Amino acid sequence: MDKYEQVIELAKRRGFLWNSFELYGGTAGFYDYGPLGSTLKRRIEQIWRETYVVQEGYMEIEAPTIGIEEVFVASGHVGGFSDPLCECKCCGEAFRADHLVDKIVAVADSLNNEELDKVIKENNVKCPECEGDLGETYEFNLMFKTNIGPGAGRQGYMRPETAQGMFVDFLRLARFYREKLPFGATQIGKSYRNEISPRQGVIRLREFTQAEAEIFIDPNDKKHANFSRFANTVINLYSDEGQDREEVEKMPLGEAVKNGIIAHEFLAYQIGLTNHFLQRVGITADKLRFRQHKKDEMAHYAIDCWDAEIETDRFGWVEVVGIADRTDYDLKAHAGVSKTELSIYREYSEPKIVTQFVVKPNMGKLGPLFKGKAKAVADALKALGQAELEQDNITVVVDGEEFTVPGEIVEFADETVKISGENIIPHVIEPSYGIDRIFYSTMEHAFEEEMVAGKEDTEEEARIVMRLRKEVAPVQVAILPLLTREELINPAKSIEIQLKQKGLLVSYDDSGTIGRRYRRNDEIGTPYSVTIDYDTLEDNSVTIRDRDNMKQIRAPMEGIADLLHELIYMGKDFESAGKAL
RNA sequence: GCGGCUGUGGUUUAGUGGUAUGACCGGAGCUUCCCAAGCUCUGAACUCGGGUUCGAAUCCCGGCAGCCGCACCA
């Protein structure tokens, strides 16, 4: 049994992860989060919110999970997220139909399926593997399609990423942030991709949770105001160049920016933040690295892109976060499809006084002369220089047609104008998190099986313990009366109420022996157990047990809720929190 | 989607053409003053569908799911 199997087995047994629709045989690519899994996941998300929304100030929005066609035309998902596939009738291999014919026709990727089939047939293209006949081309789009409204309605798609919601709301967001860069917005929610063959548990799902931030920054200023926070943070960097040598370098972020390894401060800050977040939810530092996209794998519009990768036992390095400088690509794309300018006005610190050469065609005269072509002629005139305009008859060519314009109806001059600012299209920095993958990694890195002494020094036995960070553990305190006796149950119940009022996640358990209950809680990662025994009735004190080292202290019942709260959230030292036992 | 392997209580496992073994587990009770103790009782399974057969969980075919490889993975 490898670690993946052990973790998945535990997750299933203890209510973290269940295969969806199991009652009906299950469906690949979907998982249910059980009671503990759901809680753990929410706590990871909560820390993400704390990091990005509260600390960084990138407010959360909530856009629909169903999107309309235009959005995904602009994002490129309608065209680029689907591939024309055709399969060999003989060996069953699937191929990209457009790739098969790209040597035959130059514009292979712009052909539709019928045209592709025609080219394949006419040129007698065969299966590259076995020379067999090829079947018909069909479209495979990774987006789930749906209909909006009754009847034919309108084509809708389940969103394949949450990012588009922030882009579509750009103008509203800009207004909300009083049109001052940088600003950002976040979204945590479900995304959907109809993967061909999802596998590897929760690593590749058809419905998964993303947490994304879209941060809009000044394209001319990619410094980060708070960069000093991470300038000295040492990160495992697996750079483009480092990958050629298969070498991960440990380097402070400040140095990486200075050396030009990371494109700029803003991106480096995001890497620092991601590193901070992942370790806070329990990812082991030396199983975490940042891998730079190689030039050829990076989207053509991106300047620089780094993936946070986590090492897992079975799957090796798994990509869990992508951090990219997407430039102005997305805003430009949406501006194009929506025919709306998506930019922000930036005032100069001092207005610029510029001398411009201005051409002013007299439209009152151009109109009657050129009728419908007048506008095009005027535009052509505006592109000319002084020398050409000074002629008596000016010749311009519009749509291959030559027009002669009398010089006297075109005025031009050098004019001095004051320009106090400009419209700029912000660049987008995008950290994009796969929460489910982080969830799994958190569990795997917390999972440990150790040998401990058994009862009364019998031989050693295995103890499974989930060393989840206290902040993310789905149960924070177990309340255990030592024996199932009413006189112990009553004070235990009263402690349970106190802790719940303090907002702690508690679980009361009086079934089975105390040792069994400790082990049950070790397995689900409960950091502290509070045991009520007969001494409690004498002196109002209880035992608190630490999950990680099984050590115990004695602390008064009075103020127990505050004490546990401090242990869990304030990093209070355990052994000095009470009398050691 | 293609190919290979696999599928027995919640978990894990034995086994066979005649309805299934054990362990852990869960529940009730007894016992028990701190690390999966013990005792009693109890709960719970042959992945689904079709075929062959008097009879299928076992043999055959197909579906589904899991794992591995290929392809795919903005």
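### Considerations on the overall build of chain A
Here is step 1 of the chain: What chain A contains, in helices and strands, is 21 helices and 29 strands.
Here is step 2 of the chain: The C-alpha atoms of chain A give 32 Å as radius of gyration, which overshoots the globular expectation for 581 residues (25 Å, by more than 25%).
Here is step 3 of the chain: By residue count, 48% of the 581 residues in chain A fall in the buried class.
Here is step 4 of the chain: Counting contacts in chain A only where the partners sit at least 6 residues apart, residues at least 24 apart contribute 65% of the total.

### Some details on the confidence of the model for chain A
Detailed reading of the predicted coordinates is not advisable wherever pLDDT is low.
Here is step 1 of the chain: The pLDDT averaged across chain A works out to 87; a share of 93% of its residues lies at or above 70.
Here is step 2 of the chain: When pLDDT is averaged over each element of chain A, helix 12 (residues 265-280) comes out on top at 97 and strand 6 (residues 94-96) at the bottom at 67.

### Comments concerning the pattern of salt bridges
Here is step 1 of the chain: A complete count under the given rule lists 44 salt bridges for this structure.
Here is step 2 of the chain: Ionic pairing is found between K222 and D325, a salt bridge with its closest N-O pair at 2.7 Å. Within this pair, whereas K222 is found in the loop between strand 11 (207-217) and helix 9 (228-231), its partner D325 is found in strand 16 (residues 316-327), the two being separated by 103 residues in sequence.
Here is step 3 of the chain: With a closest N to O distance of 2.9 Å, R547 and D548 form a salt bridge.
Here is step 4 of the chain: One connected set of salt bridges, linked through shared partners, spans E448, E450, R463, R467, D522, R545, R547 and D548.

### Let's talk about the environment of Q279
Here is step 1 of the chain: The residue Q279 is located in helix 12 in this model.
Here is step 2 of the chain: Take Q279: its relative accessible area is 28%, and that puts it in the partly exposed class.
Here is step 3 of the chain: Taking the C-alpha atoms as reference points, Q279 and R469, 190 residues apart in sequence, are found 9.6 Å from one another.
Here is step 4 of the chain: Apart from residues lying up to four places away in sequence, Q279 is in contact with A285, L288 and R469.
Here is step 5 of the chain: A polar contact is formed between the side chain of Q279 and the side chain of N275, at a distance of 3.1 Å.

### Brief notes about the sheet that holds strand 9 (residues 154-158)
Here is step 1 of the chain: Here we have 3 strands laid out as an open sheet, ordered 4-9-8, and antiparallel in their pairing. The strands lining the two open edges of the sheet, one partner per strand, are strand 4 (66-68) and strand 8 (145-148). Across the sheet, the mean angle from the axis of one strand to that of its neighbour is 45°, orientation sign disregarded.
Here is step 2 of the chain: Bridge analysis of strand 8 against strand 9 gives 4 bridges, and the strand direction is antiparallel. Along strand 9, the bridge assignment pairs N147 with Q155.

### Things to note about the packing of aromatic side chains
Here is step 1 of the chain: Under the counting rule described, the total for this entry stands at 18 aromatic pairs.
Here is step 2 of the chain: When the ring of W48 is compared with that of Y433, the centres are 5.7 Å apart and the planes differ by 80°; the resulting orientation is edge-to-face. Separated by 385 residues along the polypeptide, W48 in helix 2 (residues 35-55) and Y433 in strand 21 (residues 427-434) bring together distant segments of the chain.
Here is step 3 of the chain: Taken together, the ring pairs connect F167, F170, F176, Y177, F183 and F216 into an aromatic cluster.
Here is step 4 of the chain: In this structure, K352 is placed above the aromatic ring of Y348, and the distance from its NZ or CZ to the ring centre is 4.2 Å.
Here is step 5 of the chain: Sitting over the face of the ring of Y508, K493 holds its NZ or CZ atom 4.0 Å from the ring centroid.

Basis of the calculations
- Residues numbered from 1 in each chain as written.
- Chains lettered and ligands numbered in written order.
- Predicted model: local features only at pLDDT ≥ 70, side-chain atom pairs only at ≥ 80, totals over all residues.
- Heavy atoms only, no water.
- Helix = DSSP H or I, 4+ residues; strand = E, 2+ residues; numbered from the N terminus.
- Rg over C-alpha atoms; globule rule 2.2 N^0.38 Å.
- Buried < 20%, exposed > 50% of the residue type's maximum accessible area, 1.4 Å probe, protein only.
- Contact = heavy atoms within 4.5 Å.
- pLDDT = per-residue confidence, 0-100.
- Salt bridge = Lys/Arg side-chain N within 4 Å of Asp/Glu carboxyl O.
- Polar contact = N/O pair within 3.5 Å; in protein donor to acceptor, adjacent residues only side chain to side chain.
- Pairing = 2+ DSSP bridges.
- Axes fitted to C-alpha atoms, helices over the stretch in contact; angles between N-to-C directions.
- Phe/Tyr/Trp six-rings, centres within 6.5 Å; stacked < 30°, edge-to-face > 60°.
- Lys NZ or Arg CZ within 6 Å of the ring centre and 35° of its normal.

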